[in-house]
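Chain residues, written in single-letter form:
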Amino acid sequence: MSPGNEYEADIEEMLYSAQEIAQAIENLAAAIGRDYARQPLVLIGVLKGALCLTADLTRALIRLPAGPSPITVDFAGVSSYGTSSRSSGRVCLEKNIEVNISGQNVVIVEDIIDNGLTLAHLQTLCRSRHPKSLRSCVLLDKPYNRRADVTVHYVGLTVPDAFIVGYGLDYQEKYRNLPYLAKLRPQVFSE
Ligand code: PRP
């Protein structure tokens, strides 16, 4: 049985294959690599959704011949969806950033931006610590329901207005282990 097969009945449509995700991450790494060539860089991954992305993006940056260096990685734990498919609108910081980002080049690594409140919250948190520069990288941009005016510097893929799971993204803590990105069947939300 391949990974994620147990969820097959819940999937309406596969949106991006593992290979397409990998290509999008290579493109993100190339763009970040150009901007921070041979410069120190701090990546702040946003848990839990950006767990896979942060690891794969870090690897892709390490493979660049003249990429950022050294790379420091930390995580922020943020949640606003809880067990629902809709954002509560309240961003809850569950794990703070621990590394000192003062005077550093910082890139926030986020799996998906939807209403933008999560990223806006983290950008404010980071800015309060006076980094040298602050940029944001998202694998998936869902630009239809923005409630916060946030700038995203690096975008992997623009996705349809659907609840997306897989590759670290969950619904009620399930589906994170799907190797691809997918749209859930509407029935899953009424169960
Ligand atoms: C999801 C996702 C992003 C955020 C984006 O996190 O992983 O971090 O919501 O949504 P927004 O732009 O509408 O704020 P969630 O709250 O589900 O926590 P999780 O990553 O731990 O699953």
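Here, the structure is the one placed above.
Because the structure is a prediction, the values reported are computed rather than measured. (Residues numbered from 1 in each chain as written. Predicted model: local features only at pLDDT ≥ 70, side-chain atom pairs only at ≥ 80, totals over all residues. Heavy atoms only, no water.)

Focus on the site of the ligand
Then, number 1: Close contacts around the ligand come from 18 residues, with Ser 80, Tyr 81, Asp 111, Asp 114 and Thr 118 the closest.
Then, number 2: Gly 49 places a main-chain nitrogen or oxygen 2.9 Å from an oxygen atom of the ligand.
Then, number 3: A distance of 2.8 Å is found between an oxygen atom of the ligand and a backbone nitrogen or oxygen belonging to Gly 116.
Then, number 4: Contact with the protein chains hides 92% of the accessible area of the ligand, taken as 500 Å² for the molecule alone.
Then, number 5: Among the secondary structure elements, those contributing two or more residues to the shell around the ligand are β3 (71-79), β5 (105-113) and α3 (117-127).
Then, number 6: The element best represented in the shell around the ligand is β5, accounting for 4 residues.
Then, number 7: Partitioning the shell around the ligand into residue classes produces 6 nonpolar, 6 polar and 6 charged. (Near = heavy atom within 4 Å. Polar contact = N/O pair within 3.5 Å; in protein donor to acceptor, adjacent residues only side chain to side chain. Areas by Shrake-Rupley, 256 points an atom, 1.4 Å probe, with all protein chains shown as cover. Helix = DSSP H or I, 4+ residues; strand = E, 2+ residues; numbered from the N terminus. Nonpolar A, V, L, I, M, F, W, Y, C, P; charged D, E, K, R; others polar.)

Some points on the sheet that holds strand β1 (residues 11-16)
Then, number 1: What the 3 strands build is an open sheet, ordered β1-β9-β8; its pairing is antiparallel. Strand pairing shows two members of the sheet lacking a second neighbour, β1 and β8 (164-165), which therefore form its edges.
Then, number 2: Relative to strand β9 (residues 181-184), β1 is paired through 4 bridges, and the arrangement is antiparallel. Among the inter-strand pairings, Met 14 is bridged to a residue of β9, identified as Ala 182. (Pairing = 2+ DSSP bridges.)

A few points about α3
Then, number 1: α3 sits mainly inside the fold: 8 of its 11 residues count as buried.
Then, number 2: Every buried residue of α3 is listed here: Leu 117, Thr 118, Leu 119, Ala 120, Leu 122, Gln 123, Leu 125 and Cys 126. (Buried < 20%, exposed > 50% of the residue type's maximum accessible area, 1.4 Å probe, protein only.)

Some details on the packing of helix α1 (residues 18-35) against helix α2 (residues 51-63)
Then, number 1: Axis separation between α1 and α2 bottoms out at 9 Å; the angle between their running directions is 55 degrees. Viewed along their axes, α1 and α2 adopt a mutual orientation that is oblique. The handedness of the crossing between α1 and α2 is right-handed. In this structure, α1 uses Ile 25, Glu 26, Leu 28, Ala 29, Ile 32 and Gly 33 to contact α2, whose residues at the interface are Leu 53, Asp 56, Leu 57, Ala 60, Leu 61 and Arg 63.
Then, number 2: Of the residues that constitute the contact of α1 with α2, the class distribution is 8 nonpolar, 1 polar and 3 charged. (Axes fitted to C-alpha atoms, helices over the stretch in contact; angles between N-to-C directions. Parallel < 35°, antiparallel > 145°, perpendicular 65-115°, else oblique. Left-handed = near helix turned anticlockwise from the far one by under 90°. Contact = heavy atoms within 4.5 Å.)

Read these as geometric descriptors, not functional statements.
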